[in-house]
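Close look at the chain arrangement
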Amino acid sequence: MGAQYPDLKGRVVVVTGGSRGIGAAASREFARQGARVAVIGRDEAALAAVVGDIEQDGGTALAVPADCTEEDALAAAAATITSTWQQPASVLLAFAGGDGRPTPTIDLEPQRWRATLADNLTATFLTVQAFLRTMVDEGRGSIVTMASTAGRLPGGASAAYGAAKAGVLMFTRQLALEVASSQVRVNCLAPGAVRTERTAAQMSADVRRRVAAAHPLGRIGEPADVAQAALFLASDASSWITGQTIDISGGRVMM
């Protein structure tokens, strides 16, 4: 059982990339805190499964299908969430992204470069824009973006993915400075290797052992490790923290 954050009860929390992996784990954890969770993603069946799990556990959730690279879809999602609960979102977890497959830059196709930046960096920007103005007007909000160890250290991911996630880090700092006077806080999570459905399917037992050994704490992360950090950054427990990146990497990144 993780820490309890009573100030999250009743608040509207939006989670993009919420249908699987870290986003799904975060959606469940926020619902357990009593938040009303809007789960955004492209896979309607997967969204329905996450919402079903939350409701079966006694929580409140809403599936909102949307593509986070499309501003019109995000604007419609924001309107749906506000009209459903008659309350705007005060917490945004901009977690949509992915495709960190390692590819040498010499072999990286321009189309994949553009798609990777769109899915990770541009999607973060568009998601924030869809919900930011209301938070500024309300004078309250917490935004948590999703980077990666790949944005901190060169290594196994493609240059496109590393560049996109490094861009998320700087976007987070810039935004945090802009909206601090409105009492909107913006922070970032940078996970190392996390055992999601996707990575579990891609890694052999030998690869998992080698990846775990690359982290000083000797294991691969779990989605719950990242979700617990998101709870802290979204809650009033971190009310004097903004513009920061937390490396959730088992000690692989220390700075």
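Presented here is a report on the structure given in the accompanying data block. All residue numbers here refer to positions counted from 1 along the written sequence of the relevant chain. Given that this is a predicted model, residues contribute local features only at a pLDDT of at least 70 and side-chain atom pairs are listed and counted only at 80 or more, while totals for whole chains, interfaces and linings are drawn from all residues. To get the side-chain values, all heavy atoms of the structure are used, and hydrogens and water are removed first.

**Regarding the pairing of strand β6 (residues 184-191)**
For clarity, the cut-off: Accessibility here uses a 1.4 Å probe with only protein chains present; expressed as a share of the type maximum, an area under 20% marks a residue as buried, one over 50% as exposed, and anything in between as partly exposed. Numbering of helices and strands starts at the N terminus; helices are DSSP runs of H or I of at least 4 residues and strands are runs of E of at least 2. Note on handedness: a clockwise path from strand one over the helix to strand two, with the strands aimed away from the viewer, defines a right-handed crossover. Here, any two strands with at least 2 DSSP bridges between them count as paired.
Counting buried residues in β6 gives 8 out of 8 residues, a clear majority hidden from the surface. Taking every second residue as pointing to the same face, both faces of β6 are buried, with V184, V186, C188 and A190 on one and R185, N187, L189 and P191 on the other. In terms of handedness, the path from strand β5 (residues 141-146) via helix α5 (residues 159-179) over to β6 forms a crossover that is right-handed. Pairing between β6 and strand β7 (residues 245-248): 4 bridges, direction parallel. The residue of β7 that forms the bridge with C188 is T245.

**Some remarks on the packing of aromatic side chains**
For clarity, the cut-off: Between rings of Phe, Tyr and Trp, where Trp is taken as its six-membered ring, a pair exists when centres lie within 6.5 Å; planes separated by under 30 degrees are stacked, by over 60 edge-to-face, and by other angles tilted.
One pass over the full model with this rule turns up 1 aromatic pair. With a centroid separation of 6.4 Å and an interplanar angle of 85°, the aromatic rings of F125 and F171 are classed as edge-to-face. One end of the pair, F125, is in helix α4 (residues 110-138); the other, F171, is in helix α5, and 46 residues separate them in sequence.

**Some points on the packing of helix α3 (residues 71-85) against α4**
To be explicit about the condition: Axis geometry follows a simple rule: fit a line to the C-alpha atoms, using only the stretch in contact for helices, then measure angles between N-to-C directions, giving values from 0 to 180 degrees. Two helices that cross are described as forming a left-handed crossing if the nearer one is turned anticlockwise from the farther one by less than a right angle, and a right-handed crossing if clockwise. Only heavy atoms matter for contacts: two residues are in contact if any of them lie within 4.5 Å across the pair. Each residue receives one of three labels: charged for Asp, Glu, Lys and Arg, nonpolar for Ala, Val, Leu, Ile, Met, Phe, Trp, Tyr, Cys and Pro, and polar for the others, Gly being one of them.
One can describe the packing of α3 onto α4 by two numbers: an axis separation of 9 Å at closest approach and a directional angle of 35°. Crossing of α3 against α4: the hand is right-handed. Between α3, through E71, L74, A75, A78 and I81, and α4, the contact on the second element is made entirely by L126, T127, A130 and F131. Residues belonging to the contact of α3 with α4 are distributed by class as follows: 7 nonpolar, 1 polar and 1 charged.

**Topic: helix α8 (residues 223-234)**
Stated formally: The span expected for a helix works out to 1.5 Å for each residue beyond the first.
Given a rise of 1.5 Å per residue, 12 residues ought to cover 16 Å, and the 17 Å separating the end C-alpha atoms of α8 matches this to within 8%. For α8, the full list of buried residues reads P223, V226, A227, A229, A230, L231, L233 and A234. Where the residues of α8 are buried, they touch α1 (21-32), β4 (91-94), β5, β6 and β7.

**Describing unusual backbone geometry**
Its identity as a non-glycine residue notwithstanding, D99 has a phi of 65°, on the positive side. Within the secondary structure layout, D99 lies in the loop between β4 and α4. For D99, a relative accessible area of 22% translates into the label partly exposed. Notably, Q183 is not glycine yet its phi reads approximately 65°, a positive angle. Its location among the elements puts Q183 in the loop between α5 and β6.

**Things to note about the sheet that holds strand β3 (residues 60-65)**
The sheet built from 7 strands is open, its strands ordered β3-β2-β1-β4-β5-β6-β7 with parallel pairing. Each edge of the open sheet is held by one strand with a lone partner, namely β3 and β7. In this sheet, adjacent strand axes meet at a mean angle of 15° when their direction is disregarded. As paired strands, strand β1 (residues 12-16) and β4 are joined by 4 bridges and run parallel to one another. By the bridge assignment, T16 is partnered in β4 with A94.

**Quick word on the nonpolar core**
Inclusion rule: Buried Ala, Val, Leu, Ile, Met, Phe, Trp, Tyr and Cys residues form a nonpolar core when they are joined through side-chain atoms within 4.5 Å.
The biggest cluster of nonpolar side chains holds 33 residues, and the ones touching the most others in it are F30, L93, F95 and L189. For this core, the secondary-structure elements that each account for two or more residues are β1, α1, β2 (36-41), α2 (44-56), β4, β5 and α8. Examining the composition of this core, we find that 7 residues originate from one element, α8, more than from any other. F131, F171, L175 and V184 belong to the second-largest nonpolar core, a separate cluster that totals 29 residues.

**With respect to the packing of α1 against α8**
For the record, the criterion: An angle below 35 degrees is read as roughly parallel, one above 145 as roughly antiparallel, one from 65 to 115 as roughly perpendicular, and any other as oblique.
Relative to each other, α1 and α8 sit at 55°, their axes nearing to 8 Å. In terms of orientation, α1 and α8 fall into the oblique class. α8 is crossed by α1, and the crossing has right-handed handedness. The segment α1 lies against α8, with G21, I22, A25, A26, E29 and F30 engaging P223, A224, V226, A227, Q228, A230, L231 and A234. Grouping the constituent residues of the contact of α1 with α8 by class yields 11 nonpolar, 2 polar and 1 charged.

**Points about the side chain of T172**
Note the following rule: Any pair of nitrogen or oxygen atoms within 3.5 Å is treated as a polar contact; in protein, a donor-acceptor pairing is required on top of that, and neighbouring residues in sequence qualify only through side-chain atoms on both sides.
Residue position: T172 is located in helix α5. The exposure class of T172 is buried, given its relative accessible area of 1%. One polar contact links T172 to T145, side chain to side chain, over a distance of 2.7 Å. Not counting residues within four places of it along the chain, the set of residues in contact with T172 comprises T145, V186, N187 and C188.

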